[in-house]
Amino acid sequence: MVQIPTETPENAAENPQLTSRRGFMATASIAIGALFGLQFVYVLFRYLAPWGKFRVARPVRLVTDQQPKEGECVKVKYGDSVVLVIRDEGEFKAFNGACTHLNCLVRWQPATKKFFCACHNGFFDRNGKNIAGPPPSPLLAVDVARDGEDLIIGS
Ligand code: FES
C-alpha cells in the first residue's frame, strides 16, 4: 500500500523542507514589501524636499551674444531639461524650467518679473520661490558661474 505524504500545518514543524520553503517565502515577501516601502519613502522625500540645486548634465557655456539682457530670459537646453537663465538687476540666475507642480514648462514674464506656469496658474518670483497657485516648492536653482565674459550654466 502506498502511503500519501500529508503536509499540513500541524506537522509542518516536523518537515524541515516545508519549513524552509515557508521561511523563504516569508523572507521574500518581506524583502519585496520593504523594496516597495523604500521606493514610496524615496518618492515622498523627493516631493517634500527636492534637491536644492539641479545638476544633471555637463555645464553649458553661454558666450556674450547668447546671454540674456537686463530683465530678459534665455532658454538653455541642459541635458534633457530646459533651464531658464534670467538677468535680474545685473545678476544672472538660472532655474530648471519644469514647474514643481506637474512639470509644465514655466515662462518668464519680464513685465512682472515672475515665472508663470500656464498649466494651473502657478507663479514663482524672480528668485524661483513659489508664490501663488499649486506649485508646492520653489523652482530648482541651477548654478551660474563666470568664465571671463562667458557664463557657465550648471557648473
Ligand atoms: S504644472 Fe505648473 S501649476 Fe500645475
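In case you missed it, the structure is sitting above this.
A few points on the structure.

### Things to note about the environment of arginine 107
And step 1. Inspection of the secondary structure assignment puts arginine 107 in strand β5 (residues 107–109).
And step 2. Residue arginine 107 is classed as partly exposed on the basis of its relative accessible area, which comes to 48%.
And step 3. In contact with arginine 107, not counting residues within four places along its chain, are Lys114, Phe115, Phe116 and Ala118.

### Some remarks on the pairing of strand β4 (residues 91–96)
And step 1. By the criterion of burial, β4 is predominantly enclosed, with five of the six residues buried.
And step 2. Sheet topology places strand β3 (residues 81–88) next to β4; six bridges connect them, and they run antiparallel. Residue pairing across strands places arginine 87 opposite phenylalanine 92, the latter belonging to β4.
And step 3. The antiparallel pairing of β3 with β4 creates a hairpin that spans two residues between the two strands, and glutamate 89 there sits at a positive phi of about 50 degrees.

### Observations concerning the sheet that holds strand β11 (residues 150–153)
And step 1. Here we have three strands laid out as an open sheet, ordered β1-β11-β10, and antiparallel in their pairing. Each of the sheet's edge strands pairs with one partner strand only, and the pair in question is β1 (60–62) and β10 (144–147). Across this sheet, the average inter-strand angle for adjacent strands is 30 degrees, counted without regard to direction.
And step 2. The pairing of β10 with β11 spans four bridges and is classified as antiparallel. Across the sheet, residue valine 144 finds its bridge partner in β11, namely isoleucine 153.

### What about the pattern of salt bridges?
And step 1. Enumeration over the complete set of coordinates arrives at six salt bridges.
And step 2. Two residues, glutamate 89 and arginine 126, come together in a salt bridge whose shortest N-O distance is 3.4 Å. Residue glutamate 89 is found in the loop between β3 and β4, and its partner arginine 126 is found in the loop between β7 (122–124) and β8 (130–132); the two are separated by 37 residues along the sequence.
And step 3. With relative accessibility at 60%, the residue glutamate 89 sits in the exposed group.
And step 4. Taking relative accessible area as the criterion, arginine 126 reaches 27% and is therefore assigned partly exposed.
And step 5. Within the structure, one salt-bridge network assembled from shared partners comprises Asp88, Glu89, Lys93, Lys113 and Arg126.

### Points about a nonpolar patch on the surface
And step 1. Judged by side-chain polarity, Phe40, Val41 and Leu44 come together as a nonpolar surface patch covering roughly 300 Å² of accessible area.
And step 2. On the secondary structure map, valine 41 appears in helix α1 (residues 16–48).

### Focus: the nonpolar core
Soluble globular proteins: nonpolar side chains tend toward being buried together.
And step 1. Judged by nonpolar contacts, Val60, Leu62, Val74, Val76, Tyr78, Val83, Val85, Phe92, Ala94, Val142, Leu151 and Ile153 together constitute the single largest core of twelve residues.
And step 2. Broken down by secondary-structure element, the contributors of at least two residues to this core are β1, β2 (73–78), β3, β4 and β11.
And step 3. Within the second largest apolar cluster, eleven residues are counted, among which are Ile86, Cys99, Cys117 and Leu139.

About the thresholds
- Residues numbered from 1 in each chain as written.
- Predicted model: local features only at pLDDT ≥ 70, side-chain atom pairs only at ≥ 80, totals over all residues.
- Heavy atoms only, no water.
- Helix = DSSP H or I, 4+ residues; strand = E, 2+ residues; numbered from the N terminus.
- Buried < 20%, exposed > 50% of the residue type's maximum accessible area, 1.4 Å probe, protein only.
- Contact = heavy atoms within 4.5 Å.
- Pairing = 2+ DSSP bridges.
- Axes fitted to C-alpha atoms, helices over the stretch in contact; angles between N-to-C directions.
- Salt bridge = Lys/Arg side-chain N within 4 Å of Asp/Glu carboxyl O.
- Patch = residues over 30% accessible without salt bridge, like charges linked within 9 Å, V, L, I, M, F, W, Y side chains within 5 Å.
- Areas by Shrake-Rupley, 256 points an atom, 1.4 Å probe, with all protein chains shown as cover.
- Core = buried A, V, L, I, M, F, W, Y, C linked by side-chain atoms within 4.5 Å.

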